[in-house]
Structure formats: C-alpha cells, structure tokens
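Spelled out, the chains give:
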Amino acid sequence: MNDTGSENIGAEKFSRIRRIILTRVLLAPFIILMIVCSTLVYYFATNLFDRVASELTRVADDHRYLIEQFFSERTEDLQFIAGSNSFQSLRRQERLSEIFHVLQSTSPAFLDLGVFDKEGNHVAYEGPYRLEGKNYSQAEWFKAVCEKSIYISDVFMGFRNTPHFIIAVKKIEDGVSWYLRATIDTQFFNNLVENIRVGKTGEAYLINKDGVFQTRKRSGGLLMEVDPNFKGYQSAPHRIMSFTGRDHQGGRCLCATGRLKSTGWFMVVRQDYFDAASPLIRAVMVAIGLVFIGGAGVVLIAFFLASGLANRLTLADAEKREMGSQLIMAGKLAEVGEMSAGMAHEINNPLQVMISEITMINDLFEDCRAGDPMDTETLGLMSESVDQIGLQIKRCSNITQGLLKFARKTEPVVRSIVPHEMIGEIVAMVEHQAHLEDITIRQEVDPGLPEIESDPAQLQQVFLNLLNNAIYAVKDKDDGEIRITSDVDDEFILLAIADNGCGIDPDQLKRIFVPFFTSKPVGKGTGLGLSTCYGIVEGLGGNITVTSELNVGSVFKVHLPRAVSLKK
Amino acid sequence: MSNVQLLIVDDEERFLKTTKALMEKRGISTKTAASGVEALRILDETNVDVVILDVKMPGMDGEVTLKRIKQTYPLIEVIMLTGHGSVDSAVVGLKMGAFDYVLKPCDIPEILEKVENAYVKKQAMENKIRKVQVDRMISHPMAVFDKNGKD
C-alpha cells in the first residue's frame, strides 16, 4: 500500500543525495580553477605591463638619443661653417648659397641659412623666403644666442607664418660677434619622431617644457597646440620615466617620457592601455573559454558520477532498510525463542491445576460408582472443579494468544490505539512474571491521553521488550519497582518506562541500541531486543531514548507521533 | 502410610486446595503453604515428613526455601515441582539435597508414589539413626547422658 509513496520518497532521496554530491564535487574544483586562473592572469598581467613599460622606455630612450644626435650634428654643421668662413665672405650671397647647397646635401633637414651682424640685422639669407634686412635684435632666439652662443628654438611661427624652428650659433671674429642661423624643415624633423609605432596605438611625439607640441601627435594634436595631457606627465632630468597615466578624455594610457638635454623638450612615447592590454584580454578570454569548456566537462562528468553514486547509495539504503526489517524479524524470532521457554512454564501451572481437578472429578465418580450417593455436596465439588478447569483453560488460551499476537509477522498496520489500554494489556502479559520476581509495576499512564494512530502489534513488541528488560534489571532488588508514565504535546505522546534497577554502565549505554550488543550472560540474551525496538519506533516516526545511572535505575522514553506517517 | 505428614508449597491456591483434598482422600494428612516463608513457619510449628516444593514462587523462591529446609531439618525429604523449561533448577535442587523432582504437569498418582518413596526413605533414615543411637546406648550406656546433655 505504500509502494508508490516509498518510490516517491526514494526518488526524492535520490535527487537530494545527487544534489549534495554535485554541489560538493563541483564547488571544490571550481573554486580551485578560479584561484588558479586568476593567479595566472594576475601574473600574466603584471608581466605584460612590465614588458610594455620597458618597451616604451626603450623606444623613448632610443629616440631621445636619436634626436639629441640630430641636434648636435646640425649644430656642429653650423659651427663648422662659422668656423671655416669669415663674416665678410658669408655676407656675399654667392658664397652663402654655395655653402647652403653643400649643407643641404649633407642634411636635407636644413630649410634655409641666414647671417646676422651683432645688432641682429639679417645681412644675408639663402632660402625660400625673403628675409634680408629685417632686424631680429628683439627676437627671443637672438637674445638667447647672444648669451649662450648655441641656441635651438622651440617651434614657432616667426615672420613667415609657418611652424618652424631654428638653430643659431654665435661666432666672435676680431672681438666682434656675428651669428649664423639655420631653419630646420619641420616636416623632415616630424618624420624622425612621428613614424615610431608601438602596437596599434603606440606613438611618439615631442613637447617643449610648456607642453606645446613640437611634432605632430598622430592620434590628434597639431604642431604648436598645447598637449592637454601635459600636466599628467612625469619627468626626471636624466632618465626615462614610465608610468600609467590618464588622458584628458579619461582613457588610460601607458607612457614613457624623457627629457632632451639640448632643448629641454620632452620625448613622449604613449600607448593606449587597452591596446597594451590586448594580449591580456585575449589571454583572459581564452582562460574564460577554457574554464567554461572544462567546467562543462566537469559538470557533465560530475553529473554522471553523482547519479551513479546516488543510485548506489539509494540502493544501499534500500538494502539497509531491508536488513533492518530482517533484523526486526530476527529479533522477534529470538524473542519468541526466549519467551517460549517462559511461556511453557506459564502454561504448566494451569495444566497442573487442571490435572488435579480432573483427578478430583474422577475420584468423585469412583466414589459414586462405589455406592456413595450423588448428593448436592458432591455435585457442588464437581461443578467447582469443572469451573476451575474452564478458568485454567482460559488462562492458557490467554497466554497462547499473547504469544501468537507477538509472533505473528506484522505488516505495519495503522490503527487507533488508546495508549492507556495498550499499556494495560502489555503489562498484563508480564504481570505474572513480575509478581514472581516480587516486582511492582505501577501504571501511571494518563487515561485521558489522546488516541494515537500507530501499529499496535509493533508497539506491543517494543513495550514488552522494554518491560522485560526492566524486570531483568530490577529482579535482584528487594523493592523492585517499574513505573510507566506518560506525557503529551502537540505532535507526540511520551510513554516512559522507569525502573529502579541495576542501571546501565555509561560505556554500555552508548551501544545499547546496537544490534547483538548485550550485557546479559552468554545464551541469555541475543542483543537484538533494543535494536529491534529502536528500528520499530523509528519506523513508526517516533524515537526512543534512554537515561540511566548505575545502581539507581534506567528510564526508557518512547516518543510516538500522534498520527504516524509510515516512513519507509 | 497414613501417618505421612505432607506439606505442599505452591503459589497456585486452587492447586493447593484440590491437591490437599485429593491427598487427604488418599489418607495423607496434608498441609499447604502459599509461599516459602509460610512453609518455613509451618515446619517450625508442626511435624512434617515430606515437602512438595514449587521451584518458581514469588518472594522466597524454591531453591532458597529448599536450602533453608535442608539446613534446619535435614531429615525432611523435599520433592521439587518444576516445569519443563526449568529442568536445570531440578538438577540444582537435587544437588542441594532434594529427594526427587516432579515435572509439571504431573498426575496425582505420580506425586503420591514419590511422596511414599520419600517417606519410606525418611523412615529408613530415622530407623537407622535410632538404631545407631540404641546401639550406642547399649555399648556405652553412660554416654546417653553426655549425648542428651550435648543435644
């Protein structure tokens, strides 16, 4: 009748076990996988950014050197011209243009060449513009070159209205100074710096000490504009700095900056953060992909493993239950064996009485046959004997019925039970034995206890067993007493059997419900009684507990649900 | 035969009553006791030759009662009344000096026979003792006084 129910419960149990296994099997590897992946990504990222930074630093350093080189070569060119020619000879246009062509053939960077006297008058010029005669005494570059004798300007517009910069050198001839100035082709100069590429977005450019672009910035930044990111740049006088900065639009970038000694400009090499991090992003994507693919594999395998395992556990559980019911049966049989000896003894007493009565009746018949009158007295004696025989037969049948009731293989059959009456019946079965051992059994079960729904036969087995144990415990005591008390709450009723007997050793108390554990002498107990009780009470949805103190007594408490839900 | 004094000890009252009636009918004067304690009291008060003693009784059980009887009245013969399941207790009883045992349930004639045998044995024993005493009296007449004095 419980087949479908137990199947449902079985399936539920199965999926619960599987869920538990799955979560445990999956969680641990997943956490480990995450830790491993994130550690790897972390180290990869650190390494990657270090590498990018050093790459940028290297580029910045190389190009700074290149540009310094360029400046010093161009300066040397001019100094050489100034040194090898006199002011007077250079004033001549033919001489100047001759020298300029030689100069342009050594370096196409030169755009023009001019000669100035000590007042800053442009005395001779060779180049695409017409600049002779202008006075430069107030020009910044002229003031600077007077002081320093070599000057390289920032990019400026000047008289020609196009961005350019100049290199000027000072020459002192017979105590009078004159100046030589050359304009550098910004296009040519730009190409030196602008063509540097690192990754997709990596670029290099020059800014002066006020943050004005000296070369174009490929990602947007024209000559002579102010670099909006200038404030974020870090610099050190002699070495290349690399750092992670934030540009004016909020994007992050990796930068390397170095200072040019000759002009005080900054060499900036810069790469977008995401460009620099693109190998990292690829690696992370691959890692995530692997985690997902591997994870899917693990989940699949774990699912099958867990199913298999849960299946086996469920089977084992079913087997265990089977064993449990077999154990109950075995316990019952053992109990029957033990009891039948006692029962035989119980039956012998009434038989003995009956034999006496029959002998008495026979005697009376003999007397009558021998001639005694069949008077009222004789008849009275006879009927008394017959009554007595009837009484004794009833006694026997009570005993055998009790035994049968006990030995019957009982399917769990749920009926309404009045606890008070049930205990009364069970006590009646052991009362005689208790009486023989001089034991008082006090029934203090509340007659007002609610009816419960449970299996009477199984409960009978439980309480008989507990009572027999109690009798065994108190039988060597003079004032042996067994009390059966009760209590009730919303869900459970409590029936407690307390004795004042020998008590149970704490060591043994732990194992008391273990099958085949017995404290009785060999051959006296099977060790199945209490384990069977335990199995039955659990099976009926209740529980059984014990407290005991050596030489004071034991209390067995049986909690029974008021309505049993047969759990299988 | 008729002068056997029998005591039946059993906790089954009806058994006591009927058996007493049957025994008296057969000329055996019978007393009954429902417990070991009562049995010892009766033995103390009256003269009994044979005791039929149930092994399983509440209070003082058969074995203890037997021990007491044999201690105090070694000449009284005891027949143990045991069930099938407790033949062991019969063996214990015999070792402790019971004359015989009867398995429950048993016929009255069987009990009767064993009672008679027991009585015969007791009488034989008593005769033997008397004879020894007489012999001794004859050989050492003066010793009678010593003996009596000692007893």
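Residues numbered from 1 in each chain as written. Chains lettered and ligands numbered in written order. Predicted model: local features only at pLDDT ≥ 70, side-chain atom pairs only at ≥ 80, totals over all residues.

Another aspect to go through is the overall build of chain B. The helix and strand tally for chain B stands at six helices and five strands. When the helices and strands of chain B are listed from N to C terminus, the series reads β-α-β-α-β-α-β-α-β-α-α. Counting only residues that meet the buried cut, chain B has 38% of its 151 residues in that class. In chain B, once contacts between residues fewer than 6 apart in sequence are set aside, the share between residues at least 24 apart is 58%. (Helix = DSSP H or I, 4+ residues; strand = E, 2+ residues; numbered from the N terminus. Buried ≥ 20, exposed ≤ 12 C-beta atoms within 10 Å, placed from the backbone. Contact = placed C-beta atoms within 7 Å.)

Moving on, we get to the overall build of chain A. Summing up its helical and strand segments, chain A has 12 helices and 16 strands in all. With 568 residues in all, chain A has 31% of them scored as buried. A separation of at least 24 residues holds for 62% of the contacts in chain A among residues at least 6 apart in sequence.

For the rest of this paragraph, the subject is the sheet that holds strand E7 (residues 241-246) of chain A. Residue and element names in this part refer to chain A. The strand order across the open sheet built from four strands is E6-E9-E8-E7, with neighbouring strands paired in antiparallel fashion. Two strands close off the open sheet at either side, each with one partner strand: strand E6 (203-207) and E7. The mean inter-strand angle of the sheet, taken between neighbouring strand axes irrespective of direction, is 30°. Summarising the sheet, strand E8 (residues 252-259) and strand E9 (residues 266-272) pair through seven bridges and their orientation is antiparallel. From the neighbouring strand, Thr257 faces E9, where its bridge partner is Val268. (Pairing = 2+ DSSP bridges. Axes fitted to C-alpha atoms, helices over the stretch in contact; angles between N-to-C directions.)

Moving on, we come to the sheet that holds strand E13 (residues 481-488) of chain A. In sheet architecture, strand pairing relies on hydrogen bonds along the backbone and comes in two forms, parallel and antiparallel. All names here are of chain A. In spatial order, the strands read E11-E13-E14-E16-E15; together these five strands make up an open sheet with mixed pairing. One side of each edge strand has no neighbouring strand; the edge strands of this open sheet are strand E11 (440-444) and strand E15 (543-549). With direction set aside, neighbouring strand axes in the sheet form an average angle of 15°. Sheet strands in contact with helix H9 (residues 419-436) are E11, E13 and strand E14 (492-499), and its direction is about 175° off that of E11. Strands in contact with helix H10 (residues 456-474) are E13, E14 and strand E16 (553-561); relative to E14, the strand with the most contacts, it is inclined by about 25°.

Here we take up unusual backbone geometry. For the peptide bond that leads from Lys104 of chain B to Pro105 of chain B, omega is -10°, which places it in the cis range. Looking at the secondary structure, you find Pro105 of chain B in the loop between strand E5 (100-103) and helix H5 (108-139). Positive phi, close to 65°, is recorded for Asp438 of chain A, a residue that is not glycine. Within the secondary structure layout, Asp438 of chain A lies in the loop between H9 and E11. Its 17 C-beta neighbours within 10 Å are what place Asp438 of chain A among the partly exposed residues. Positive phi, normally seen in glycine, also occurs at Asn551 of chain A, with a value near 65°. Within the element layout of this structure, Asn551 of chain A appears in the loop between E15 and E16. The class for Asn551 of chain A is exposed, based on 9 C-beta atoms found within 10 Å.

This brings us to the interface of chain B and chain A. Contacts between the two partners involve 21 residues from chain B and, on the opposite side, 19 residues from chain A. Looking at the side of chain B that touches chain A, the element that brings in the most residues is helix H1 (residues 13-25) of chain B, giving seven residues. Residues that form the side of chain B that touches chain A fall into these classes: eight nonpolar, seven polar and six charged. (Nonpolar A, V, L, I, M, F, W, Y, C, P; charged D, E, K, R; others polar.)

All names here are of chain A. Here seven bridges tie E15 to E16, and the two strands are oriented antiparallel to one another. For Val546, the partnering residue across the bridge sits in E16 and is Phe556. Between E15 and E16, which pair antiparallel and follow one another directly, the connecting turn spans three residues, one of which, Asn551, has a positive phi of 65°.

A few words now on the nonpolar core. Of all hydrophobic cores here, the largest spans 61 residues; its most connected members are Leu56, Ala168, Leu180, Ile184, Met267, Val268 and Val269 of chain A. Looking at which element gives the most residues to this core, the answer is helix H1 (residues 3-84) of chain A, with 10 residues. What Ile184 of chain A contacts, discounting residues up to four positions off in sequence, is Arg74, Ala109, Phe110, Leu111, His164, Phe165, Ile166, Ile167 and Phe189 of chain A. Residues Val353 and Met360 of chain A together with Leu7 and Ile76 of chain B belong to the second largest nonpolar core, which totals 40 residues. (Core = buried A, V, L, I, M, F, W, Y, C linked by C-beta atoms within 7 Å.)

All names here are of chain A. Where H10 contacts helix H12 (residues 529-539), the axes come no closer than 9 Å and their chain directions differ by 145°. Considering how the two elements wind past one another, H10 and H12 form a crossing that is left-handed. In this structure, H10 contributes Gln458, Gln461, Val462, Asn465, Leu466 and Asn469 to the contact, and H12 contributes Gly529, Cys533, Ile536 and Val537. Of the residues assigned to the contact of H10 with H12, the class counts are five nonpolar, five polar and no charged. (Left-handed = near helix turned anticlockwise from the far one by under 90°.)

The subject of this paragraph is the environment of Asp367 of chain A. All names here are of chain A. Along the chain, Asp367 turns up in helix H7 (residues 278-369). A residue is classified by how many C-beta atoms lie within 10 Å of it, and Asp367, with 14 of them, is partly exposed. As for Asp367 and Thr378, which are separated by 11 residues in sequence, their C-alpha atoms are 9.6 Å apart.

What follows covers helix H2 (residues 36-45) of chain B. Owing to its 3.6 residues per turn, the α-helix aligns residues three or four sequence positions apart on the same side. Residues and elements named next belong to chain B. Gly36, Ala39 and Leu43 are the residues of H2 that are buried. The buried residues of H2 occupy one face: seen down the axis, they fall within an arc of 55°. The exposed residues of H2 that point more than 90 degrees off its buried face are Arg41, Asp44 and Glu45. Against the buried residues of H2 lie strand E1 (5-9), strand E2 (29-33), strand E3 (50-54) and helix H3 (62-72). (Arc of directions from axis to C-beta.)

For the rest of this paragraph, the subject is the packing of H9 of chain A against H10 of chain A. Residue and element names in this part refer to chain A. Their axes nearest at 10 Å, the elements H9 and H10 cross at an angle of 35°. Here H9 runs over H10; the crossing is right-handed. Residues Met422, Ile423, Ile426, Val427, Met429, Val430, Gln433 and Ala434 of H9 touch H10, and the partners they reach there are Pro456, Leu459, Gln460, Phe463, Leu464, Leu467, Asn468 and Ile471.

Right, let's talk about H10 of chain A for a bit. In a regular helix each residue adds 1.5 Å, so 19 residues correspond to 27 Å; H10 of chain A covers 26 Å between its end C-alpha atoms and thus fits that length. With respect to burial, H10 of chain A is a largely interior element, 16 of its 19 residues being buried. (Expected span 1.5 Å × (residues − 1).)

Counting through the fold element by element, Pro163 of chain A comes out in the loop between strand E3 (150-152) and strand E4 (165-173). With 22 residues separating them in the primary sequence, Pro163 of chain A and Asp185 of chain A have C-alpha atoms 9.3 Å apart.

All names here are of chain A. Pairing between E11 and E13: five bridges, direction parallel. By the bridge assignment, Arg442 is partnered in E13 with Arg483. Between the end of E13 and the start of E14, which pair antiparallel, lie three residues.

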